Amino acid sequence: KEAMEEARVEIDAVTKKAWESRDRHVEKARMELQQQFLRDKEKAVHWLRIEMQQHQQVELVKLRAELERSLGVESLVEVGQRQLTELTELKSKLLQSEEEHLEMQESQESEL
């Protein structure tokens, strides 16, 4: 009877150690899984940020191209207006020069 009691106590002690060991392994595995989940989550957030930055860069390039196009059109209009003004001024100077030439020619003819 005493031997059975000792055996039962020894079995209980071994069983308790086995359960404690199992609990430690389960806790360790749970912690590893949690850490892996956090690493995966950090990686996902990192790649999501990169993807968002790339998308923003693409949008900025599109906006820049659109702005340059619209500015280019405005610049062409400004260049055209400037050239028209210059041509008008040149025409005025040419007409004035022709008038002066005619006046000088008339003056020379009248002197003769």
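Refer to the structure above for everything that follows.
Residues numbered from 1 in each chain as written. Predicted model: local features only at pLDDT ≥ 70, side-chain atom pairs only at ≥ 80, totals over all residues. Heavy atoms only, no water.

Draft legend 1. Region of the structure containing the overall build of the protein. Looking only at helices and strands, one finds one helix and zero strands in the protein. Its C-alpha radius of gyration of 47 Å places the protein more than 25% over the 13 Å reference for a compact globule of 112 residues. Across its three principal directions, the C-alpha atoms of the protein cover 160 × 15 × 5 Å. Across the 112 residues in the protein, those meeting the buried criterion constitute 0%. Approximately 11100 Å² of the protein is accessible, and the part contributed by carbon and sulfur atoms is 59%. (Helix = DSSP H or I, 4+ residues; strand = E, 2+ residues; numbered from the N terminus. Rg over C-alpha atoms; globule rule 2.2 N^0.38 Å. Buried < 20%, exposed > 50% of the residue type's maximum accessible area, 1.4 Å probe, protein only. Areas by Shrake-Rupley, 256 points an atom, 1.4 Å probe, with all protein chains shown as cover.)

Draft legend 2. Highlighting the pattern of salt bridges. Here the structure, examined in full by the defined rule, presents six salt bridges. The salt bridge involving Asp23 is made with Arg22; its shortest N-O contact spans 2.7 Å. (Salt bridge = Lys/Arg side-chain N within 4 Å of Asp/Glu carboxyl O.)

Draft legend 3. Here's a closer look at a negative patch on the surface. The grouping of Glu98, Glu99, Glu100, Glu103, Glu106 and Glu109 at the surface amounts to a negative patch. Positionally, Glu98 belongs in helix α1 (residues 2-111). The class of Glu98 is partly exposed, set by a relative accessible area of 42%. (Patch = residues over 30% accessible without salt bridge, like charges linked within 9 Å, V, L, I, M, F, W, Y side chains within 5 Å. Lys, Arg positive; Asp, Glu negative; His and termini not counted. Charge placed at Lys NZ, Arg CZ, Asp CG, Glu CD.)

Draft legend 4. Expanded view of the environment of Ser110. Position of Ser110 among the secondary structure elements: in helix α1. Residues Ser110 and Glu2, 108 residues apart in the sequence, show an inter-C-alpha distance of 158 Å. At 2.8 Å, the side chain of Ser110 and the backbone oxygen of Ser107 are in polar contact. (Polar contact = N/O pair within 3.5 Å; in protein donor to acceptor, adjacent residues only side chain to side chain.)

Limitation: the analysis is restricted to geometry and does not speak to function.
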